[in-house]
Amino acid sequence: MKTSHRAALARAAAGLLLAAPILAHAQDAQIERKVAALLKQMTLAEKVGQLHQLSGRQFTGPTSSNYADKLADIRAGRVGSMLNVKGVADTREIQALALQSRLKIPLLFGLDVIHGYQTVFPVPLGESASWDMDAIRLSAHIAAQEAAASGIHWTFAPMVDVSRDPRWGRVMEGAGEDTYLGSQIAKARVLGFQGEKLGGTDAVMATAKHFAAYGAAIAGRDYNAVDMSNQQLFQVYLPPFKAALDAGAATFMNSFNTLNGVPATGNAFLQRDILKGSWGFKGFVVSDWGSIREMVPHGYAADLSDAAVKAITAGSDMDMEGYAYSAHLEQAVKAGKVKMKLVDDAVGRILYKKFELGLFDDPYKFSDASREKAVLGDASHRAAALDVAQKSMVLLKNGVPGAAATPLPLSRDLKRIAVIGPLADSQRDLEGGWVVQGDRAPVASLLEGLRSHAGKGTEVVHAQACAPGCATLDASALNAAVTAAAQSDVIVLAIGETWDMSGEAKSRTDITLPGQQEKLFAALKATGKPLVVVMLAGRPLVFNTIADQADAIVYAWFPGTEGGNAVANVLFGDYNPSGKLPITFPRSVGQIPLSYAQYNTGRPVTDEHNVVYKSAYIDSVNTPRYAFGRGLSYTSFTYSDLRLDHSELRGDGKATLSVDLANSGAREGDEVVQLYLRDMVASVVRPLKELKGFQKVHLKPGEHRRVQFIIDRDMLSFYNSQLKWGAEPGEFKLMVGSASDDIRLETDLRLLDASKPGHP
Ligand code: BGC
């Protein structure tokens, strides 16, 4: 069944590449005519209605009078879209109200389908650790299929915000710290959500969010201001948005933060100049929840009316739960503060998508009860969730490097395994935040997963020791855990964050393990039994003692519906771990923000024992605990014979870099071969390393393969101080390795001529 999904995705990709341009053109003009005709019939109030998005009862309460008002507004044609209404029954009921309005313009139903709908996939950061674009695309596609079968037209995903600050709880929702990896993942997710073409009942509109730079909130505090150079913005933070747009993202969401003093929601530079200007975006921009209204407390708008004027002028098309457009836009147009053509442009963009989705032909197209039942019950979705959950797990430690025996994988001949810890038997914590479908598919806990996968003769005993979060550690519960551990051959300890500690508004100043979990670890360590730690979290945590003392560590993130089985497959070796960190794990909060793509400085540390007057700390080394790109396997890989076919480039020339990768261990497995580059001297200093390519390669023991990367001018380019994109002549170092701090081979390349400065 998995294969048929893959085939469908392959068709989708081919369709996008080949058929789309010709067909799209004919359809464009037709839809545009329909939009123009409809706009002519609309009153100003009806136009403003299309820009107004309201939340369903989930966030207002079914009995709230406010909710009754909302329903009345829908009937009167004063609402263009709803969020947080889902399921065939509810979406039909609400759509029927919109069809009572004068022009019968159907509603758009949007929802935060962030990592699955009914089938819950790993949180996006976890999934990103798979570095597997097919698996990521498939997971988005399944989420879209399930959501689209439940009346949803539109997901507020993917979040493509680069973030280098694990204090920020929303790192969980993104692809991590890297621009290149983030751009590949943005593309995969958009293609997955939007399927072959918008309008298909297996596709939803994607939203590239949060435009822009939300992931760089000062001090990692959610909603905080962002202050950064335009160069950093263009070089690091914008490319994943551009990748989402190039993949066809139907909508963008702006963000809560200010960027260099201007709220993103009221930011014409971002929305008009870049997005709708130089990038030519034809879809529409939705505000973030109430972000238009929030321009008042920001100190950017005097009142709600001023906020409405500033937001529409800056290019925010739809007002999500901000009530600024609904209350003030009509008046602002009448008073000449906002030109009608701005309103028409915003409404036109939204109507266009409604036509494209086919809602004018059949407003209930996505609300078919029999399809809902069939799609939500599709067993292949669980198989895909298991596959990507396994691929997302990162093996951070497995015994002592070089030792003959490793603690993992676990033998099926063990007599007794003690499964211990606050998260060992939790179902909810496997799923993480943003689980939108209340009526969930059953989830196997980690304990259940281990029980069903253990050898026939193995007894699996369990002691929870403390509740999720481990706020208190009761002496008798601790004793019971230690006793169970002492009588077992191996301990599997499940610790980490609870599901609600990462995500929106979940910033933390201290990202060590919450509560008494380190104490629990120490007590179990004292038994002398082999201790395998499985860590659940939505962000990198700091756990130095455990990193030093645990025998093995599997970072499982929040792995979703199939998380318990996925962990069991990894621990017993039925799946050989292949995940690589998409974000740096610091040693301490004091090192944050920390990324592998840092600058050298004029005083780099060359000797860790001599750091006086160097760019260093007096109380810590500079290096992270686990670097970007890290992740072990049960087998080993050897890199050899790096070849560059041209050591000089000029004009449109390309060079081929190739390396031989061999599986030198005893199990089959996957390696992510990573290509990094450094521009040695440039008019603007370039980072020590930047990821420019990667390939995930599956090899049997003894097998080897030549892995190739094409080096072109674009790969060598960057934004100069004038924000012009181009490459400068000179030396480049090309590095190939297994992690950003595990470069196996390197070579040099010389670029002979400069690019004509321009845009990518
Ligand atoms: C979040 C968005 C989300 C929206 C709707 C906001 O608080 O920032 O990412 O899509 O709520 O739920």
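Okay, so let's go over this structure. As the structure is a prediction and not an experimental result, all values here were calculated from the model. Here the residue numbering is sequential within each chain, running from 1 through the sequence in written order. Given that this is a predicted model, residues contribute local features only at a pLDDT of at least 70 and side-chain atom pairs are listed and counted only at 80 or more, while totals for whole chains, interfaces and linings are drawn from all residues. With hydrogens and water excluded, all non-hydrogen atoms of the structure serve as input to the side-chain values.

Here the focus is the packing of aromatic side chains. Each Phe, Tyr or Trp ring (for Trp, its six-membered ring) is paired with any other whose centre lies within 6.5 Å, and the angle between the two planes then decides the class: stacked below 30 degrees, edge-to-face above 60, tilted in between. All told, the structure shown has 26 aromatic pairs when counted by the stated rule. When the centroid spacing of 5.5 Å and the interplanar angle of 50 degrees are considered together, the rings of Trp-131 and Phe-628 count as tilted. Placement of Trp-131 in the loop between α6 (124–128) and α7 (133–148) and of Phe-628 in the loop between α23 (563–571) and β17 (637–644) is noted, with a sequence separation of 497 residues between them. Phe-628 matches Trp-131 in its accessibility class, with the two residues each being buried. Measuring from centroid to centroid gives 5.3 Å for Phe-211 and Phe-252, while their planes differ by 85 degrees, and the two rings are edge-to-face. Placement of the pair is Phe-211 in strand β5 (residues 207–211) and Phe-252 in strand β6 (residues 251–254), with a sequence separation of 41 residues. Each residue in the set Trp-131, Tyr-180, Tyr-596, Phe-628, Tyr-676 and Phe-694 is aromatic and connected to the rest through ring pairs, giving one cluster. Counting as a charge over the ring demands two things of the Lys NZ or Arg CZ atom: a distance within 6 Å of the ring centre and an angle within 35 degrees of the ring normal. Above the ring of Trp-434, the side-chain terminus of Lys-209 is found at 5.6 Å from the ring centroid. The side chain of Arg-428 reaches across the aromatic face of Trp-499, ending 3.8 Å from its centre. Under the scheme used here, helices are H or I runs from DSSP no shorter than 4 residues and strands are E runs no shorter than 2 residues, and both carry numbers assigned from the N terminus. The buried label applies to any residue whose accessible area, calculated with a 1.4 Å probe on protein chains only, is under 20% of its type's maximum; exposed applies above 50%, and partly exposed to all values in between.

Here we come to the site of the ligand. For each residue, the test is whether any non-hydrogen atom lies within 4 Å of the molecule or strand; if one does, the residue is near. Around the ligand, 13 residues are found, and the nearest of them are Asp-112, Arg-170, His-210, Asp-288 and Glu-504. Pairs of N or O atoms are called polar contacts if they sit within 3.5 Å, as long as, within protein, a hydrogen donor faces a hydrogen acceptor (for residues adjacent in sequence, only side-chain-to-side-chain pairs). In the environment of the ligand, an oxygen atom lies 2.5 Å from a nitrogen or oxygen atom belonging to the side chain of Asp-112. Between the ligand and Arg-170 there is a distance of 2.7 Å, counted from an oxygen atom to a side-chain nitrogen or oxygen. To be clear on the numbers: accessible area is Shrake-Rupley with a 1.4 Å probe, and residue cover counts the displayed protein chains and nothing else. When the ligand is considered free in solution it has 310 Å² of accessible area, and contact with the protein chains removes 93% of it. Side-chain classes are defined by residue name, with Ala, Val, Leu, Ile, Met, Phe, Trp, Tyr, Cys and Pro counting as nonpolar, Asp, Glu, Lys and Arg as charged, and the others, Gly among them, as polar. When the residues that make up the shell around the ligand are grouped by side-chain class, the tally is seven nonpolar, one polar and five charged.

The next subject is the environment of Asp-748. One can find Asp-748 in strand β26 (residues 742–751). Judged by its relative accessible area of 40%, Asp-748 is partly exposed. Sequence separation between Asp-748 and Leu-734 is 14 residues; the distance between their C-alpha atoms is 5.9 Å. Residue contacts follow a heavy-atom distance rule, with two residues in contact if any of their heavy atoms lie within 4.5 Å. Once you skip the residues sitting within four places of it in the chain, Asp-748 turns out to touch Leu-644, Ser-647, Glu-731, Phe-732 and Lys-733. Engagement of the side chain of Asp-748 in a polar contact is seen with the side chain of Lys-733, the distance being 3.3 Å.

Moving on to the sheet that holds β5. Pairing between strands is defined by DSSP: at least two bridges between the two strands are required. If you trace the three strands from one edge of the open sheet to the other, you get β5-β6-β9, paired in parallel fashion. Two strands in the sheet have a free side with no partner beyond their single neighbour: β5 and β9 (284–286). Averaged over all pairs of adjacent strands, the angle between their axes in this sheet comes to 30 degrees, without regard to strand direction. Examined bridge by bridge, β5 and β6 share three bridges and lie parallel to one another. When the sheet's bridge partners are listed, Phe-211 is paired in β6 with Asn-254. Fitting a line to C-alpha atoms yields each axis, with helices limited to the stretch in contact; the angle taken between N-to-C directions then spans 0 to 180 degrees. Where helix α10 (residues 239–246) meets the sheet, it contacts β5 and β6, and its direction lies at approximately 155 degrees from that of β5.

Our focus in this paragraph is the state of the cysteines. By disulfide we mean two sulfur atoms from cysteines, separated by a distance within 2.5 Å. Counted according to the given criterion, the structure contains one disulfide. What pairs with Cys-466 in a disulfide is Cys-470, and their sulfur atoms sit 1.9 Å apart. With the S-S bond torsion at -100 degrees, the cross-link from Cys-466 to Cys-470 turns out left-handed. For the pair Cys-466 and Cys-470, a shared accessibility class is recorded, and that class is buried.

What follows is about the packing of helix α11 (residues 268–278) against helix α13 (residues 304–314). Packing of α11 against α13 brings their axes to within 8 Å, and their N-to-C directions diverge by 25 degrees. Here α11 is positioned roughly parallel relative to α13, judged by the angle of their axes. Here Ala-268, Gln-271 and Arg-272 of α11 come into contact with α13, specifically with Ile-312, Thr-313 and Ala-314. Angles are sorted into four bins: roughly parallel if under 35 degrees, roughly antiparallel if over 145, roughly perpendicular if 65 to 115, and oblique for all others.

A few words now on the nonpolar core. Among the nonpolar cores identified, the biggest contains 107 residues, and Phe-211 and Phe-252 are the most heavily contacted of them. If you tally residues by element for this core, the top one is helix α15 (residues 340–356), at seven residues. Sequence-distant contacts of Phe-211, that is, excluding residues within four places in its chain, are made with Leu-238, Phe-241, Phe-252, Met-253, Asn-254, Ser-255, Ala-264, Leu-270, Gln-271, Ile-274, Leu-275 and Trp-279. Nine residue types can take part in a nonpolar core, namely buried Ala, Val, Leu, Ile, Met, Phe, Trp, Tyr and Cys, and a core is a set of them joined through side-chain atoms within 4.5 Å.

In the sections that follow, a salt bridge refers to a side-chain nitrogen of Lys or Arg positioned within 4 Å of a carboxyl oxygen of Asp or Glu. Under the definition given, this model contains 36 salt bridges. With a closest N to O distance of 3.0 Å, Arg-349 and Asp-345 form a salt bridge. With a gap of four residues between them, Arg-349 and Asp-345 both fall in helix α15, about one helical turn apart. On the basis of relative accessible area, Arg-349 is assigned to the buried category, the value being 11%.

At 3.6 residues per turn, the α-helix brings residues three or four places apart onto the same side. For helix α21 (residues 517–525), the set of buried residues is Gln-517, Leu-520, Phe-521 and Leu-524. Viewed end-on, α21 has its buried residues packed into an arc of 100 degrees, placing them on one side of the element. Directions are taken from the helix axis to each C-beta atom, and the arc is the one they span.

Attention shifts here to the side chain of Asp-319. The residue Asp-319 is located in strand β10 (residues 319–320) in this model. Neither His nor the chain ends contribute to the count of charged residues, in which Lys and Arg are positive and Asp and Glu negative. There is no salt bridge for the buried Asp-319, and the closest opposite charge comes from Arg-293, which lies 7.0 Å off by N-O distance. Excluding residues that lie within four positions of it along the chain, Asp-319 makes contacts with Leu-51, His-52, Gln-53, Ser-287, Ile-292, Ala-324 and Tyr-325.

Attention now moves to the packing of helix α9 (residues 230–237) against α10. Contact geometry of α9 with α10 gives a least axis separation of 6 Å together with a crossing angle of 45 degrees. In terms of their interaxial angle, α9 and α10 are classed as oblique. Each of Leu-233, Phe-234, Gln-235, Val-236 and Tyr-237 in α9 lies in contact with α10, whose residues at this interface are Pro-239, Pro-240 and Phe-241.

Remember, this is a structural readout, not a statement about activity or role.
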